[in-house]
Amino acid sequence: MSYLGVESSLNGRRWVGPGVEQERQAEAMAQQTGQPRALCAVLARLGVEPAEVPGYLEPKLRELLPDPRGLRDMETAAARFLEAVKRRERIAVFADYDVDGGSSAALLIDWLHQMGREATLYIPDRIDEGYGPNVPAMQQLAAAHDLIVCVDCGTLSHEPIAAAAGADVVVLDHHLGGETLPDCVAVVNPNRQDEDGALAHLCAAAVVFLMLVECGRQLREAGARGPDLMSMLDLVALATVADVAPLIGVNRALVRQGLAVMARRQRPGLVALSDVARLDTAPSSYHLGYVLGPRVNAGGRIGQADIGARLLASRDRHEAEALAERLDRLNTERREVEEAVRASALAQAEARGLDAPLVWAAGEGWHPGVVGIVASRLKEMTNRPAVVIGLDGGEGKGSGRSVSGVDLGASVQRLAAEGLLLKGGGHKMAAGLTVAEAQLEAAMARLAELLAKQGAGKGGAADLKIDGMLMPGAATVELCEMLERAGPFGAGAPSPRFAFPDVQVSFAKQVGSGHLKLSLGDGLGARLDAICFGAFEGPLGQALTDHKGQRFQMAGRLEINEWNGRRAVQLRLEDAAPA
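Please read these numbers as outputs of a predicted model, since none were measured by experiment.

1. Things to note about the sheet that holds strand β6 (residues 186-188)
- Strand order across the open sheet formed by five strands is β3-β2-β4-β5-β6, with parallel pairing between neighbours. Looking along the sheet, the strands with just one partner apiece sit at the ends: β3 (120-122) and β6. For this sheet, the mean angle separating the axes of adjacent strands, direction not counted, is 15°.
- In this sheet, strand β4 (residues 147-151) lies alongside strand β2 (residues 91-95) in parallel orientation, the contact comprising five bridges.

2. Concerning the sheet that holds strand β7 (residues 359-364)
- Judged by pairing direction, the sheet is mixed, and its five strands sit side by side in the order β7-β8-β9-β11-β10 without closing on themselves. Of all strands in the sheet, those with a lone pairing partner are β7 and β10 (423-426), marking the two edges. Strand-to-strand twist in this sheet, taken as the mean axis angle between neighbours without regard to direction, amounts to 15°.
- Bridge analysis of β10 against strand β11 (residues 430-436) gives four bridges, and the strand direction is antiparallel. Following the sheet pairing, Gly 424 is matched in β11 by Leu 433.

3. Side note on a negative patch on the surface
- A surface patch of negative charge is lined by Glu 364, Asp 392, Glu 395 and Glu 437.
- Along the chain, Glu 395 falls in strand β9 (residues 395-401).
- Given the relative accessible area of 33%, Glu 395 is considered partly exposed.

4. Comments concerning helix α6 (residues 99-114)
- Between the first and last C-alpha of α6 there are 22 Å, a value that for 16 residues agrees with the 22 Å anticipated at 1.5 Å per step.
- For α6, the N-terminal cap is Asp 98; the gap from its side-chain oxygen to the backbone nitrogen of Asp 100 is 3.3 Å.
- Positioned one or two residues after α6, Gly 116 has a phi angle of 80°, which is positive.

5. A short note on empty space enclosed by the protein
- Scanning all chains against the criterion turns up one cavity of 30 Å³ or more.
- Quantified by volume, the largest cavity comes out at close to 40 Å³.
- Surrounding the largest cavity, Asp 96, Tyr 97, Asp 98, Val 99, Gly 102, Ile 123, Val 296, Gly 299, Gly 300, Ala 305, Gly 308 and Ala 309 form its lining.
- Element by element, the count of residues in the lining of the largest cavity is highest for helix α13 (residues 285-302), at three residues.

6. Description of the pairing of β4
- Where burial is concerned, most of β4 is hidden: five out of the five residues are buried.
- Across the two faces of β4 the burial is the same, with Leu 147, Val 149 and Val 151 and Ile 148 and Cys 150 all buried.
- Note: β4 against strand β5 (residues 168-172), five bridges, orientation parallel. Paired with Val 151 across the strands is Leu 172, a residue of β5.

7. Points about the environment of Thr 332
- Take Thr 332: it is sitting in helix α15 (residues 317-352).
- The class for Thr 332 is partly exposed, based on a relative accessible area of 36%.
- Distance in space between the C-alpha atoms of Thr 332 and Val 255 is 27 Å, their sequence separation being 77 residues.

8. So, the pattern of salt bridges
- With the rule as written, the count across this model stands at 38 salt bridges.
- Two residues, Glu 418 and Arg 414, come together in a salt bridge whose shortest N-O distance is 3.1 Å.
- Judged by relative accessible area, Arg 414 falls into the partly exposed class, the value being 44%.
- Measuring nitrogen to oxygen at the nearest pair gives 3.3 Å for the salt bridge that ties Arg 557 to Glu 574. On the criterion of sequence distance, the pair formed by Arg 557 in strand β17 (residues 551-563) and Glu 574 in strand β18 (residues 566-578) is long-range, its members being 17 residues apart.
- In this structure Glu 574 comes out as partly exposed when scored by relative accessible area, which is 24%.

Quick notes on the rules
- Residues numbered from 1 in each chain as written.
- Predicted model: local features only at pLDDT ≥ 70, side-chain atom pairs only at ≥ 80, totals over all residues.
- Heavy atoms only, no water.
- Pairing = 2+ DSSP bridges.
- Helix = DSSP H or I, 4+ residues; strand = E, 2+ residues; numbered from the N terminus.
- Axes fitted to C-alpha atoms, helices over the stretch in contact; angles between N-to-C directions.
- Patch = residues over 30% accessible without salt bridge, like charges linked within 9 Å, V, L, I, M, F, W, Y side chains within 5 Å.
- Areas by Shrake-Rupley, 256 points an atom, 1.4 Å probe, with all protein chains shown as cover.
- Salt bridge = Lys/Arg side-chain N within 4 Å of Asp/Glu carboxyl O.
- Lys, Arg positive; Asp, Glu negative; His and termini not counted.
- Charge placed at Lys NZ, Arg CZ, Asp CG, Glu CD.
- Buried < 20%, exposed > 50% of the residue type's maximum accessible area, 1.4 Å probe, protein only.
- Expected span 1.5 Å × (residues − 1).
- Polar contact = N/O pair within 3.5 Å; in protein donor to acceptor, adjacent residues only side chain to side chain.
- 1 Å grid on protein atoms, 1.4 Å probe; cavity = no way out; pocket = protein on both sides within 12 Å on 5 of 7 lines; lining within 4 Å.
- Points joined across faces, edges and corners; volume = space filled by probe spheres on them.

This is the structure:
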């Protein structure tokens, strides 16, 4: 049953509200805790029990951080890493080219620098080398180093790791493991098949952080001290959000604390990146995922693969500013390349049908650096797992993004085991694959079949989920601040969305490039400012501008708008329907 009777909004979406049981839980929580009804609606949706509310609103890292030794090989990995530090061995860090890989590498490089040691950074080129360790690179590193630490990669790299003759290898990863592990000193990975899955939601940077926690413990046991790890949580927070790790359990505390560290503006690379992105407010999980993350990723997508990691590890303000400006330019270029691929992929996917368990598209010459972002756009648009593949010389390199509750990485890995892919792997929410063009149709058909068994394609592509109803007068800065305490929001914990029933548009004006600025009223004197980004790319802009006094149901997310020292609540409008 639709919420507020909206079966088809101006954007063609059906509004879906909380179920009867969730409403009952929210009401009971409000009565038991004295918290606002709107906040309780969000907490009930997140599965929080009334007794858990105080702890949930104030997540403490010391209470939520797991014992690193709960992960297999952790003590061995930390001991070997510390041995290399103590003996002044030559250390290399082999990292993936995305934000998680760059942040993981920067964590190790920063820690080592504070211990008076340096490390060689190696990040493979996305196009020439592809994801993860490769034989030539590992042979080259092994010839000049005693220890190679692979971060955010390596779990499935049996042959390349075997090629690293003469050097020890430690893997710190979170991608799904296979039936066997590579032959090396240690593989620390919460997604190894012999792990219980309790920490499967950690990104690689969080795994690296846990190893550094274990290093600190071993140092203390030996009567020594290590660097301050709390000051490094800004990198863990950035990686957790940018890698779309679910913001549950310890991830919430890592991101909450990491944002506080980032707000102190002590890391030159993140300061420079924030400034070039014109970020003039305290950072939020939104900024990590949509402002800073894409810029860090831009180097690995269409430029030099190691720029992002070098920026995050930089200790020199001038170097950081130069790298940040370079990444910002690359990000602009990335947007242009992405838009061309997105338009072609969307047309192809629409022709194939957007209501299947899997939405996919493949095209000759599509840049492999943007196929993951385009897959993410298709996933968001259709509420279905999406895969986008760039073809070149009879072979396709693709990337996929999944929806909550559907494990894409496991399905891709099974496809590789069945011989339909040349290689493939990932985790629940994202995966990468290489496929022979001749096998493309068969591989995607089989992938759709595997995903359908997990429930993909059952949800309505057009459903807009709403937490509850508010009147304009109830949307206050105080309520926004209370709602933020239920965050941070992101993957696995979508930010609150409320409906405002039967409101008038008292002011509407196009601003910027196709955006709409509005003022909404309830007819009783209460007003609420709103902004609708990209309004004129669809029907919303024209309908709300030419409203002719008509009243609407409005839906969106509340946020605090800071301007010239003034803080005011604002609705980020996402959809509307005639009242």
